[in-house]
Amino acid sequence: MTDVTQETTATGFDALKGLGTAGAAESAPEYVQKLDAQGRAYSTGKRKNAIARVWVKPGTGKITVNGKELAQYFARPVLQMMVAQPLEVTDRTTQFDVVCTVEGSGLSGQAGAIRHGLSHALTHYEPGLRPVLKPHGFLTRDARVVERKKYGRAKARRSFQFSKR
């Protein structure tokens, strides 16, 4: 009796193994280059409440944010490093000029939005960079936002000071 059940389960699992790999290999998406009329790649990046529109074109490595240089707009070196991370990981720091406009949120959220948009724009310009950027998490939108304030509380979770008398 046990021989029959082992035989049927093995057959059933073999059938399932064949189904999963064949379908995945055929339906893998193929990424192509997406450029506008000026030869630029465009993408939108988001982080918290910040929205960044990013254009990437061949150049010398100049990064412009809202009409200002990167170092002038983001004074903190951590934010400058954060924006330039996708270019450094792909070894393209001196090959592309980046022009972006960003609005909303604070400087940290804006830097994250630019990094997200820049990563997507690089994959639109060079689809071969996707496997390099994906493991670092640059293509994933960070969905964390500020938690809303609740009634009966001072902030989202902070309660009012307790008074015994």
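1. Regarding the overall build of the protein
Regarding its fold elements, the protein presents 5 helices and 5 strands. Long-range pairs, those at least 24 residues apart, make up 69% of the contacts in the protein with a sequence separation of at least 6. In the structure as shown, the protein presents an accessible area of about 11,200 Å², 55% of it carried by carbon and sulfur atoms.

2. Examining the environment of tyrosine 31
Residue position: tyrosine 31 is located in the loop between helix 1 (2–26) and strand 1 (41–47). Under the relative-accessibility criterion, tyrosine 31 is labelled partly exposed at 43%. Through-space distance from the C-alpha of tyrosine 31 to that of threonine 123 is 8.5 Å; in sequence the pair is 92 residues apart. The residues contacting tyrosine 31, other than those within four sequence positions of it, are Pro127 and Arg130.

3. Digging into the packing of helix 3 (residues 77–89) against helix 4 (residues 107–125)
Contact geometry for helix 3 and helix 4: axes closest at 8 Å, N-to-C directions at 10 degrees. In this view, helix 3 runs roughly parallel relative to helix 4, as classed from their interaxial angle. Of the residues in helix 4, those in contact with Leu79, Met82, Val83, Gln85, Pro86 and Leu87 of helix 3 are Leu107, Ser108, Ala111, Gly112, Ile114, Arg115, Leu118, Ser119 and Leu122. When the residues that make up the contact of helix 3 with helix 4 are grouped by side-chain class, the tally is 10 nonpolar, 4 polar and 1 charged.

4. Topic: helix 4
Here helix 4 spans 26 Å end to end across 19 residues, near enough to the 27 Å set by a 1.5 Å rise per residue. Counting buried positions along helix 4 yields 15 of 19 residues, so the element is predominantly enclosed.

5. Description of the pattern of salt bridges
Per the counting criterion, the structure on display carries 7 salt bridges. For lysine 62, the salt bridge identified is with glutamate 69, shortest N-O distance 3.9 Å. Judged by its relative accessible area of 40%, glutamate 69 falls in the partly exposed class. Between aspartate 142 and arginine 144 there is a salt bridge, with its nearest N and O atoms 2.8 Å apart. Overall, the relative accessible area of 23% leaves aspartate 142 in the partly exposed class. Classification of arginine 144 as exposed rests on a relative accessible area of 58%. Linked by salt bridges that have partners in common, Arg47, Asp142 and Arg144 make up one network.

6. Structural notes on the sheet that holds strand 1
Sheet strands pair via backbone hydrogen bonds, and the direction of the pair is either parallel or antiparallel. Taken in spatial order, the 5 strands of this open sheet run 1-2-5-3-4, and their pairing is mixed. Each edge of the sheet is formed by a strand with only one pairing partner; in this case those strands are strand 1 and strand 4 (68–69). Where strand 3 (residues 63–65) and strand 4 come together, 2 bridges link them in antiparallel fashion. From the neighbouring strand, valine 65 faces strand 4, where its bridge partner is lysine 68. Against the sheet, helix 4 engages strand 1, strand 2 (50–58), strand 3 and strand 5 (96–103), with an angle of about 150 degrees to strand 1.

7. Side note on the pairing of strand 1
On strand 1, burial follows the alternation: Ala41, Ser43, Gly45 and Arg47 on one face are buried, whereas Tyr42, Thr44 and Lys46 on the facing-out side are not. Where strand 1 hands over to strand 2, the hairpin turn is made up of 2 residues, of which lysine 48 adopts a positive phi near 50 degrees.

8. Thoughts on the nonpolar core
In terms of nonpolar packing, the biggest core is built from 29 residues, with Val54, Val56, Val65, Phe74, Ile114 and Leu122 touching the most fellow members. Secondary structure elements with two or more residues in this core: strand 2, strand 3, helix 2 (70–73), helix 3, strand 5 and helix 4. Per element, the largest residue contribution to this core is 7 residues, and it comes from helix 4. In contact with valine 56, other than residues within four places in its own chain, are Gly39, Arg40, Ala41, Phe96, Asp97, Val98, Leu118, Ala121, Leu122 and Tyr125.

Parameters at a glance
Residues numbered from 1 in each chain as written. Predicted model: local features only at pLDDT ≥ 70, side-chain atom pairs only at ≥ 80, totals over all residues. Heavy atoms only, no water. Helix = DSSP H or I, 4+ residues; strand = E, 2+ residues; numbered from the N terminus. Contact = heavy atoms within 4.5 Å. Areas by Shrake-Rupley, 256 points an atom, 1.4 Å probe, with all protein chains shown as cover. Buried < 20%, exposed > 50% of the residue type's maximum accessible area, 1.4 Å probe, protein only. Axes fitted to C-alpha atoms, helices over the stretch in contact; angles between N-to-C directions. Parallel < 35°, antiparallel > 145°, perpendicular 65-115°, else oblique. Nonpolar A, V, L, I, M, F, W, Y, C, P; charged D, E, K, R; others polar. Expected span 1.5 Å × (residues − 1). Salt bridge = Lys/Arg side-chain N within 4 Å of Asp/Glu carboxyl O. Pairing = 2+ DSSP bridges. Core = buried A, V, L, I, M, F, W, Y, C linked by side-chain atoms within 4.5 Å.

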